[in-house]
Amino acid sequence: MKSILKPITLYKLFFLFFGISLTLNSQNKQLQALTLEDGLPQSQVYAIAQDDKGYLWLGTQGGGLARFDGKTFKVYNETNGLVSNYINAITTKNDTVYIGTKRGLSVKLKNKFLTIDTPEINKMSVFEDQIVVLTIKGVYVIDENLSVKKANLHRDIDTVKANDLIYFDNNYWLATQDGLWKFDGQVSVPDHIEKLESGDFKSIIGFENKIIASTFNDGTIVFDSRDFEDQILIREPLRINSTTLINNQIWVATQHDGVSVIDTKSWSEILVLNTTNGVSVPHVRQVFKDKQSNIWIATSGGGLYKYFQNSFKHYNIETGLNGNRVYAVHHSNKAIWISNSEAGLIRIDNYGVHDIDIPEAFSEVKIKTITSDENGNIWAGSDGRGVLFKGKTIRDSIAIDTIKNTMVTFPKAIEITKVLNTDNGFPFDWIRKIQVTSDAIYAATYSSGIVEFNYNPKTDSLQVLKTFATAEGIADLYIKDMVKDEDNRLWYATKNGHLGFIFNNKVSHLGAVLKRNTAINAIVFKEEILYLGTAGKGIWWSNDEDFSSFKKLEGAKKSTSENIYQLIFDDQDYLWVGTERGVDKLELDKDNSIKDAFFFGRNDGFLGVETCLNAVDKDENGHLWFGALYGLTEYQPTEIARDTEKPKLFLEDVQVEFESIAAITATEANFNTVLKLNPDQRQMSFSFKTVDLDHPNGVEYRYKLNDNEWSPWSKNNSQDLPELNFGDHNFFVQSRNHRWKESEILKFPFFVERPLYKKLWFQGLLIGAVILVLVFFVHQYIKRLKRKNSEDKKRLELENHLLTLEQKALRLQMNPHFIFNVLNGIKAMAPTKLDKMNETVNSFATLLRETLINSRKETISLDQEIKTIRHYIEVERLMAEKPFEYRIDLKTDLDAEEILIPPMLIQPFIENAIRHGILKGPRQGELKVEFTNNKKFLKVTITDNGIGIFSSQQHKQKTDHQSMALTVTKERLESISGKNALEMSEIKLKDGRIGGTTIVFKIPLETDY
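Only a predicted model underlies this, so the values are computations on that prediction, with no experimental measurement involved.

(A) Quick peek at the overall build of the protein chain. Within the protein chain, the regular secondary structure consists of seven helices and 72 strands. A globule of 1009 residues ought to have a C-alpha radius of gyration of about 30 Å, yet the protein chain, at 59 Å, is considerably larger. Considering only C-alpha atoms, the protein chain reaches an extent of 200 × 95 × 45 Å along its principal axes. In the protein chain, which comprises 1009 residues, the share counted as buried stands at 50%. A separation threshold of at least 6 residues defines the contact pool for the protein chain, and within that pool the share at least 24 residues apart is 54%. If you sum the accessible surface of the protein chain, you get close to 49,900 Å²; carbon and sulfur atoms cover 49% of it. Averaging the coordinates of the 122 positive side-chain charges in the protein chain and doing the same for the 132 negative ones gives two points 8 Å apart.

(B) Up close: helix α4 (residues 862-879). Compared with the 26 Å implied by 1.5 Å per residue over 18 residues, the 26 Å span of α4 between its first and last C-alpha is a close match. Turning to α4, its buried residues number three or more, namely Leu862, Glu865, Ile866, Thr868, Ile869, Tyr872, Ile873, Val875, Glu876, Leu878 and Met879.

(C) Structural context of the packing of α4 against helix α5 (residues 907-918). Two numbers describe how α4 lies on α5: the axes approach to 11 Å, and their chain directions differ by 25 degrees. Here α4 is positioned roughly parallel relative to α5, judged by the angle of their axes. Considering how the two elements wind past one another, α4 and α5 form a crossing that is right-handed. From α4, Glu865, Ile869, Tyr872, Ile873, Glu876 and Met879 reach across to α5, where they touch Gln907, Ile910, Glu911, Ile914 and Arg915. Partitioning the contact of α4 with α5 into residue classes produces six nonpolar, one polar and four charged.

(D) How the structure looks around the sheet that holds strand β71 (residues 994-1004). Taken together, five strands build an open sheet; the order of strands is β66-β68-β69-β71-β70 and the sheet is mixed. Every interior strand has two partners, whereas the edge strands, β66 (884-891) and β70 (982-988), have only one. On average, each strand axis in the sheet is inclined to that of its neighbour by 15 degrees, with strand direction left out of account. Note: strand β68 (residues 925-933) against strand β69 (residues 937-944), seven bridges, orientation antiparallel. Considered in β69, the bridge of Glu930 is made with Thr941. Seen against the sheet, α4 touches β66, β68 and β69 and runs at an angle of roughly 175 degrees to β66. Against the sheet, α5 touches β66, β68, β69, β70 and β71, its axis set at about 155 degrees to β68.

(E) Representation of the environment of Thr534 within the structure. Its location among the elements puts Thr534 in strand β47 (residues 529-534). Judged by relative accessible area, Thr534 falls into the buried class, the value being 0%. Sequence-wise, Thr534 and Gly497 are 37 residues apart; in three dimensions their C-alpha atoms are separated by 8.1 Å. Residues in contact with Thr534, not counting those within four places in the same chain, are Leu514, Thr518, Ala519, Ile520, Asn521, Trp540, Glu562, Asn563 and Ile564.

(F) Representation of the pairing of strand β61 (residues 700-705) in the model. Of all six residues that make up β61, six are buried, and the element is covered over most of its length. Burial along β61 is two-sided: the residues Glu700, Arg702 and Lys704 and Tyr701, Tyr703 and Leu705 are all buried. Pairing of β61 with strand β63 (residues 727-736), which is carried by six bridges, proceeds in the antiparallel orientation. Pairing of Tyr703 across the sheet is with Val733, part of β63.

(G) Looking closely at the nonpolar core. Within the largest apolar cluster, 38 residues are counted, with the highest numbers of intra-cluster contacts made by Ile873, Ile906, Ile910, Leu927, Phe931, Ile942 and Phe1001. Element by element, the count of residues in this core is highest for α4, at seven residues. If sequence neighbours within four positions are ignored, Ile942 has contacts with Ile906, Phe909, Ile910, Ala913, Leu927, Lys928, Val929, Thr997, Thr998, Ile999 and Phe1001. Residues Leu40, Phe68, Phe73 and Ala298 belong to the second largest nonpolar core, which totals 28 residues.

(H) Representation of a nonpolar patch on the surface within the structure. Nonpolar side chains collect at one region of the surface, where Leu766, Val770, Leu774, Val778, Tyr781, Ile782 and Leu785 lie side by side and expose about 590 Å² of accessible area between them. Note that Ile782 resides in helix α2 (residues 760-829).

(I) Molecular detail of the pattern of salt bridges. In total, this model carries 33 salt bridges according to the counting rule given. Close ionic contact of Lys368 with Asp383 constitutes a salt bridge, the shortest N to O distance being 3.6 Å. Of the two residues, Lys368 is situated in strand β34 (residues 367-372) and Asp383 in the loop between β35 (378-382) and β36 (387-401); the sequence distance between them amounts to 15 residues. On the basis of relative accessible area, Lys368 is assigned to the partly exposed category, the value being 21%.

(J) View of unusual backbone geometry. The omega angle of the peptide bond from Glu236 to Pro237 is 5 degrees, so this bond is cis rather than trans. Topologically, Pro237 is positioned in the loop between β21 (227-234) and β22 (240-246). Backbone geometry places Ser341, a non-glycine residue, at a positive phi of 50 degrees. Along the chain, Ser341 turns up in the loop between β31 (335-340) and β32 (345-349). Residue classification places Ser341 among the buried positions, given a relative accessible area of 14%.

(K) Inspection of the side chain of Asn945 at higher detail. Along the chain, Asn945 turns up in the loop between β69 and α6 (949-955). Classification of Asn945 by relative accessible area gives buried; the value is 13%. A polar side-chain atom of Asn945 sits 2.9 Å from the main-chain carbonyl oxygen of Gln924. When neighbours within four sequence positions are excluded, Asn945 is seen to be in contact with Ile918, Arg923, Gln924, Gly925, Glu926, Gly995 and Gly996.

Cut-offs used in this document
- Residues numbered from 1 in each chain as written.
- Predicted model: local features only at pLDDT ≥ 70, side-chain atom pairs only at ≥ 80, totals over all residues.
- Heavy atoms only, no water.
- Helix = DSSP H or I, 4+ residues; strand = E, 2+ residues; numbered from the N terminus.
- Rg over C-alpha atoms; globule rule 2.2 N^0.38 Å.
- Buried < 20%, exposed > 50% of the residue type's maximum accessible area, 1.4 Å probe, protein only.
- Contact = heavy atoms within 4.5 Å.
- Areas by Shrake-Rupley, 256 points an atom, 1.4 Å probe, with all protein chains shown as cover.
- Lys, Arg positive; Asp, Glu negative; His and termini not counted.
- Charge placed at Lys NZ, Arg CZ, Asp CG, Glu CD.
- Expected span 1.5 Å × (residues − 1).
- Axes fitted to C-alpha atoms, helices over the stretch in contact; angles between N-to-C directions.
- Parallel < 35°, antiparallel > 145°, perpendicular 65-115°, else oblique.
- Left-handed = near helix turned anticlockwise from the far one by under 90°.
- Nonpolar A, V, L, I, M, F, W, Y, C, P; charged D, E, K, R; others polar.
- Pairing = 2+ DSSP bridges.
- Core = buried A, V, L, I, M, F, W, Y, C linked by side-chain atoms within 4.5 Å.
- Patch = residues over 30% accessible without salt bridge, like charges linked within 9 Å, V, L, I, M, F, W, Y side chains within 5 Å.
- Salt bridge = Lys/Arg side-chain N within 4 Å of Asp/Glu carboxyl O.
- Polar contact = N/O pair within 3.5 Å; in protein donor to acceptor, adjacent residues only side chain to side chain.

Shown next, in the form of structure tokens:
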């Protein structure tokens, strides 16, 4: 390879070296490994790509294809249709994934794979509407219809291995196993092609006006894209597999030396990631930057790594700790002291990580608390082994001055390590927390209260001053945390949620201040506000003078967990909260409400994951140190710029009647076409997703149908819509990430076709037909009804005429009977009572004239009927051998002239009362006729004091005209008033004798208006 190395001055070399040193010291390198245990199908990852939805696609050697969403891997292999499980390259376009394998190309469309026959593929590139496939036997081009065509570039290219291709500065640049090439025109039909350099070129990058071309084993050349002779050779690293431009830096993946990062200003190496600092294997195939600015490293044998450049620095076994669990953290004298699993104490300072010698009696024990006094002495409390003191004391030492031959005394610092436990006078061995004050040292035990003591290392003397337990006022001895406030009060919190403090050797026990059955794990003061972290109930605070009431810490945002293990404020007044999921950084406003919340977990560089109880402290630089189950994490408060974008939401699946419809390609905004469903398709299911590789568990969704209210935000990413109404619908869905940044609202329109019987035109037609049928039937019915009415009218007229004739006939039937009775009476008067006969004949003539007149009428007035009755009664009195009295009473609401009644209806009953009742009775005759009415009927009551109707009928001789009179009268009443219109009864006296007869009947009330 011909190359020119530009000279670099000594000044530049010094500056470069100094700058590299600063960069290496200041950069915070973090690596998270994803291996087979996390779901990766194979540890040899050869290719990485990301699609428009945000999924990360990984190609492995032997394990097939894997899709990663930040939380889980979904694997596709030959059983799913993949042409080969050995994948060398991946690229994506829209929703299509192109997989280059050892046996050709597989194209993933929705849920199926298509196979395109090509030689083994090394890499693929997307150029407008075509995919360029680089194989071990030249270059192939695949158009948008998935038609494959061999690109005949040059006879020296078409049969060799093609490794990389880019389009830069109006030219194509091709790296092959045989050399570096440049051509213009089109890939399938180049205009001019030339070979620039021989060698096994693996990768090409275009940057500014430079081409960066890397070989496998001869380094990397950098040259002007228009002047190949103006070039720089970067001799290392070697054995290069691929290169990637990230943040204006060249990330070089090598076969034996991990990843090297080359600065594009000095063209020098500024960072190496290999087996010495976190990468388990030296063979790296590819480095990839995703849309969230994460950097992913694909290795051969070590799986996948996520690289963090952030404010966290992690310590674990690989960086010098004896174990990963960190139970206690304390800052003292520009060093961090930690308890490391059950493997003693560790000190971390500017010189590195140091294992601290401790007595054998204190080894293999959990150290749960570490603190220091004003002299820098370290105090540590343990589970079951008491208290460890590690510090220095000043003792006099004697030396001989050989010149003056005298002894000289001078002070000398002596290191002392002492274990205080029940074997040497300390009252308890199980220590939860230690606090040092100006007067004494306090040790909170697990269940025996708080011990106040002093220890003098110079004289090795222990003085137990006092024990605060139940007798002294501590109602709950299960201490969880203990802190000192600015007023030198020693506060304690307990397992059962009690709070109290010790001041001037007096216990003030406040009791269960939260009024909840929950442990208080952590206490922290900020100015005059007390914060309590609980086990399962979140954070509570109080600024009362006596701290008698507490409020829950809430706001627009919230902590990711209610299980609080650690609380600490940083120098910027952010409250940091350690939980079982990581740490939260809470921003509080002036009203002590959560204004904003930032979560840091495993995907953000906080690799310790679950924090340990009260294992947190702040050093002199404002750095926070968190103890966790998987190591120690340092937080350096610096702002790391990261590319951020709002979440991208897409429909993962749409089902109609539980069957997926055609591929869904839209990922944001609105769908342009309306999905039309038939009337039987009234059930739809939507699955939607936002891929967040950093915080997959922090994504939430909400949705609504049409103009209904939005659903509450939740992690549920599917919705079923049963029994949809017919007509137009719009399904809306939106997502937000852990920072509550919202995606565009996704709108999916669809239309449920109405069944034929519900369509308006059909309903109109049907209604019209029904109306016509109804009109026809109504017309026919009216015709029949008219015909029937006409017939009924004729029939009724005939019946009415016949009834009239019948009524008249009935009246005529009574007239002969009446006349016969009167004439018999007159005949009887002729021999002896001639004058009375003449008067009777005159009265009878008047009565007969009225009767003849009335008989021609259908109805007469009641007044006229009463006059006729009076004339009749007078005729009967003239003919009677026995005198009798009569009275006619009118008790009606209406005038007698207004009431209409049938004629000759009452006279037969009066005749019967006179002739067969009064005249045959033993008493002076009395006859009473009474008329009353209601709204519907006229009631007639005829009363006599004769022998009684039933007695009269038993004793008198039956005659045809008598029977005819009763029968005719009854029939006439029934024809007028219906059955049971007539009631006849005898009047019974107190002595049981018959006192007369009462006849009552009613006729319909009829008036002349």
